Each structure stands twice: as C-alpha cells, then as structure tokens.
Amino acid sequence: MIINVLGINGSPRIGNSQYLLDHALESASEVDQGNVKIDTYAMKGKTMNPCIACSHCVKHHGDCVHDDDFAGLNDLWLKSDVILYSVPVYHMSIPGQLKCFIDRLGNSMFGRFKSEMPENMDTLPKQLKVVGTIVQGIHLFSGQEHTITDLINHALIMQCIPVTGDLWESYIGAGGWTSNRIERNSLEELVKKGDMDSEAAVRAARAVGKRSVEMSLIIQSGILANKKLLGNDRLYKPLLDRLKDKG
Ligand SMILES: Cc1cc2nc3c(=O)[nH]c(=O)nc-3n(C[C@H](O)[C@H](O)[C@H](O)COP(=O)(O)O)c2cc1C
C-alpha cells in the first residue's frame, strides 16, 4: 500500500531540525521501499500570517483571506497519510510560523468539510493521519516535552493519531539538545564526535519515522477492512475518499 509521508521542518532555517527530519524520512522510506512517497516542506522563507478570526474560511469552504504560503502546505497536509513535524523549541513551544499554520489549518477544516458533515454538527472529520514529532532545543530541560505535547494536542484536535518511537530514546516523540550550541549543524557535529544524547536523538527520530509509517499501514488496512461499516458514519467520508484508490 502506498503511504504518503509529509515531513515538515518547522524551523525558519535549515539546520538541526532538518538534520533529524532527514533521518526520520530515510527511516520511514525503508519500511516499504518504493511504496513510501515522501514530500518535504520547510518553513524557511515562507510567509504564514496569523489567523485574524474573520471566519471567512468557515463560510467559504476553507479558503483563507490571506494571500501567503498557507494554501501550499494546507494541500500537502490534506493529502498525506503521515505527518512528521521536526521543530526547534521556541520559548518552550513551537515556532510562530508553524503555530500560525496550525491555527489556520484547524479553523479552515470546519469550512472545508462542513457540507460533508452531518447537518447541525459543527465537527471535524476523522482524519486518522499518523503524526510523529521530533523536537530539539539548545538546552536541557528547556521545553522539548512541552513542545512535543503541543504537537500531540494538535494531532488529537485534528482527529489524527500521535505516535512515538521506541523506548528508551523516545518516550512521547523524539527529543534532542545541542549542548548549548547555536549553530545550524550542532547536532550533526555532536554525532560525529560520538555525543551520546545526540546519537539518541537520531535513533529516536529514525524510530518515529519508521513507527509512523507502520502505524499508518495498520490504520489504513483496518479502515479498508471495515469500510462498509465506517461508511455509514459521515465523519469517515473524507478519509474513505482519501483511501479510495488503495483498495
Ligand atoms: C526565538 C528562539 C527561541 C528559542 N527558545 C528556546 C527554548 O525555549 N528552549 C530551547 O531549548 N531552545 C530554544 N531556542 C534554541 C533553538 O531551539 C535551537 O537553537 C535549535 O537547535 C534550533 O534548531 P534549528 O537549527 O532547526 O533552527 C530558541 C531559539 C530561538 C531563535
């Protein structure tokens, strides 16, 4: 079965987040060579304006009033089966550009799927995309777990499935720290020097990539095996539409 993976680098630069994301994507593609299709997206240079709460998207099928880079990432996000977020910790949370995207994604979904949901229900469809999170920051005890939790909460709101990698490297996602270094290639350099924490971050990122694709295979097989039953519930319609060419 083809699994479409989207790797999002949430940093405004190409650096440590990209390094861990590349590992995760390589590992993801190894689950089933040739059947894992990878798209990547980097926030670097993109404009993501904040939601202005105008409700235009809710009334106009998810379209947003801002003319910026939102629509491109929105389209990729919607068609993917697996989303891998790799982000730096910013102020104990995710960077602003990604937060702007997520706010708008969430609200625009109400408008986009309104006509497909049961009447009088202000709800979101069961996306059941698998979401894996990779987070690193400059310090230790400086927000990695909070940031992963923010992305897990986002996954749950979007009716998706958050997954982790493997213990002990990955409790709730992949996490790393750059031993107080600010350079873009800090983690890569630390790995070359045999730094244990950085090596663990790479292993964790790779496990998140692998387990995310495996979970997506499991979920999609289950959905397809039960499509007659699930088809009675309109909240599954967008998902069944997404999987219609898969069996
Ligand atoms: C605005 C800003 C806020 C940051 N806040 C945190 C923080 O709260 N905790 C932390 O560990 N690192 C923080 N950092 C450091 C970055 O997370 C760290 O340098 C990371 O390795 C950058 O990843 P990148 O190379 O993918 O951009 C911050 C950096 C910036 C620019």
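Just so it is clear, the structure is predicted and the values come from calculations on it, not from any experiment.

Visitor: Break down the overall build of the protein for me, with residues and values.
Guide: Each helix and strand counted, the protein has nine helices and six strands in total. Against the globule reference of 18 Å for 247 residues, the protein gives a C-alpha radius of gyration of 18 Å, in line with a compact fold. Taken along its principal axes, the extent of the C-alpha atoms in the protein is 60 × 40 × 25 Å. For the protein, buried positions account for 49% of its 247 residues. Long-range contacts, defined as pairs at least 24 residues apart, comprise 79% of the intrachain contacts of the protein with a sequence gap of at least 6. Carbon and sulfur atoms form 54% of the exposed surface of the protein, whose accessible area is close to 11,700 Å². The average position of the 27 basic charges and that of the 29 acidic charges among the side chains of the protein differ by 4 Å.

Visitor: Quick rundown of the site of the ligand? Include the residues and the values.
Guide: As a matter of local geometry, the ligand sits amid 16 residues, with Ser 11, Ser 17, Val 89, Gln 136 and Ser 142 nearest to it. Here His 91 contributes a backbone N or O atom positioned 2.9 Å from a nitrogen atom of the ligand. Take Ile 138: an N or O atom from its main chain is 3.0 Å from an oxygen atom of the ligand. Within the complex, 75% of the 640 Å² of free accessible area of the ligand lies under protein. The site holding the ligand turns out to be the second largest pocket. When the residues that make up the shell around the ligand are grouped by side-chain class, the tally is five nonpolar, ten polar and one charged.

Visitor: Provide a residue-level description of the pairing of strand β3 (residues 82-88), including the pertinent values.
Guide: Side-chain positions along a regular strand alternate between the two faces of the sheet. Most of β3 is tucked away: seven of the seven residues are buried. Because side chains alternate across β3, one face comprises the buried residues Val 82, Leu 84, Ser 86 and Pro 88, and the other comprises Ile 83, Tyr 85 and Val 87, equally buried. As paired strands, strand β1 (residues 3-9) and β3 are joined by five bridges and run parallel to one another. Paired with Ile 8 across the two strands is Tyr 85, which belongs to β3. Pairing of β3 with strand β4 (residues 130-137), which is carried by seven bridges, proceeds in the parallel orientation. Note that in β4 the partner of Val 87 across the bridge is Val 135.

Visitor: Would you mind going over the nonpolar core in detail, with residue names and values included?
Guide: In this structure, Trp 77, Leu 98 and Phe 101 are the most contacted members of the largest nonpolar core, which totals 33 residues. Contributions of two or more residues to this core are made by β1, α3 (70-79), β3, α4 (96-113), β4 and α5 (144-157). Considering each element in turn, this core owes the most residues, seven residues, to α4. Judged by nonpolar contacts, the second largest core, of 31 residues, contains Leu 21, Leu 25, Val 82 and Leu 187.

Visitor: Help me get a handle on the pattern of salt bridges, residues and values and all.
Guide: Applying the stated criterion to the full structure yields 14 salt bridges. With a shortest N-O distance of 2.5 Å, Arg 203 and Glu 169 are connected by a salt bridge. Of this pair, Arg 203 sits in helix α7 (residues 196-225) while Glu 169 is found in the loop between β5 (161-163) and β6 (174-177), placing the two residues 34 residues apart along the sequence. On the basis of relative accessible area, Arg 203 is assigned to the partly exposed category, the value being 40%. We classify Glu 169 as partly exposed; its relative accessible area is 22%. Among the ionic pairs, Glu 214 bridges to Arg 211, the shortest N-O distance being 2.9 Å. Here the residue Glu 214 and the residue Arg 211 both occupy positions in helix α7, the gap between them amounting to three residues, near one helical turn. Of the residues examined, Arg 211 reaches a relative accessible area of 29% and is grouped as partly exposed. Linked through salt bridges whose partners overlap, the residues forming this network are Asp 166, Lys 210, Arg 211 and Glu 214.

About the cut-offs
Residues numbered from 1 in each chain as written. Predicted model: local features only at pLDDT ≥ 70, side-chain atom pairs only at ≥ 80, totals over all residues. Heavy atoms only, no water. Helix = DSSP H or I, 4+ residues; strand = E, 2+ residues; numbered from the N terminus. Rg over C-alpha atoms; globule rule 2.2 N^0.38 Å. Buried < 20%, exposed > 50% of the residue type's maximum accessible area, 1.4 Å probe, protein only. Contact = heavy atoms within 4.5 Å. Areas by Shrake-Rupley, 256 points an atom, 1.4 Å probe, with all protein chains shown as cover. Lys, Arg positive; Asp, Glu negative; His and termini not counted. Charge placed at Lys NZ, Arg CZ, Asp CG, Glu CD. Near = heavy atom within 4 Å. Polar contact = N/O pair within 3.5 Å; in protein donor to acceptor, adjacent residues only side chain to side chain. 1 Å grid on protein atoms, 1.4 Å probe; cavity = no way out; pocket = protein on both sides within 12 Å on 5 of 7 lines; lining within 4 Å. Sits in = over half its atoms within 2 Å of the grid points. Nonpolar A, V, L, I, M, F, W, Y, C, P; charged D, E, K, R; others polar. Pairing = 2+ DSSP bridges. Core = buried A, V, L, I, M, F, W, Y, C linked by side-chain atoms within 4.5 Å. Salt bridge = Lys/Arg side-chain N within 4 Å of Asp/Glu carboxyl O.

The quantities given are spatial measurements derived from coordinates; they are silent on function.
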